Amino acid sequence: MTTDRPAPADAAPSCELAPAGDPARGLTAPADGAGPRADCVLCGEPTEYPADHRGSTLCPVCTWQQAQRIACSG
């Protein structure tokens, strides 16, 4: 059952779009920051992302595996 209620104004978007003109940049971690690293949501290994990065963080191995699953699913 779905509802047609709008999301609250203070709700964060659940997905972020890839940067315009460079979709590969949406799959790579930002180069800035040398603090603690976020853990991969699938395997728990440290990622390239800082700990305060929003969204689902994946390590390079899990990112590659997810890309393979998506590419082969269609």
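Source: prediction; values computed, not measured.

**Q** Outline the overall build of the protein chain, supporting the account with residue identities and numerical values.
**A** A count of helices and strands for the protein chain gives 1 helix and 2 strands. Going residue by residue from the N terminus, the α and β elements of the protein chain occur as β-β-α. When each of the 74 residues of the protein chain is scored for burial, the buried share is 12%. Taking as baseline every contact in the protein chain between residues at least 6 positions apart, the subset at least 24 positions apart corresponds to 8%. Taken as a whole, the protein chain presents about 6300 Å² of accessible surface, with 57% of it coming from carbon and sulfur.

**Q** Describe the confidence of the model for the protein chain, and please don't skip the residues or the numbers.
**A** For the protein chain, mean pLDDT is 74; residues scoring 70 or higher make up 53% of the total. Ranking the elements of the protein chain by mean pLDDT puts strand β2 (residues 46-50) last with 87 and strand β1 (residues 37-39) first with 90.

**Q** Give a detailed account of the pairing of β2, specifying residues and quantitative values.
**A** Alignment of β1 against β2, held across 2 bridges, turns out to be antiparallel. Directly across from D39, in β2, lies its bridge partner P46. Linking two consecutive strands that pair antiparallel, namely β1 and β2, is a turn of 6 residues; a positive phi of about 85° is found at G44 within it.

**Q** Account for the side chain of T47, naming residues and giving values.
**A** Structurally, the position occupied by T47 is in strand β2. Judged by its relative accessible area of 6%, T47 falls in the buried class. Among the polar contacts listed, one links the side chain of T47 to the backbone nitrogen of Y49, at a separation of 3.2 Å. Other than its neighbours up to four places away in sequence, T47 contacts R37, A38, D39, C40, T57, L58 and C59.

Definitions and limits used
Residues numbered from 1 in each chain as written. Predicted model: local features only at pLDDT ≥ 70, side-chain atom pairs only at ≥ 80, totals over all residues. Heavy atoms only, no water. Helix = DSSP H or I, 4+ residues; strand = E, 2+ residues; numbered from the N terminus. Buried < 20%, exposed > 50% of the residue type's maximum accessible area, 1.4 Å probe, protein only. Contact = heavy atoms within 4.5 Å. Areas by Shrake-Rupley, 256 points an atom, 1.4 Å probe, with all protein chains shown as cover. pLDDT = per-residue confidence, 0-100. Pairing = 2+ DSSP bridges. Polar contact = N/O pair within 3.5 Å; in protein donor to acceptor, adjacent residues only side chain to side chain.

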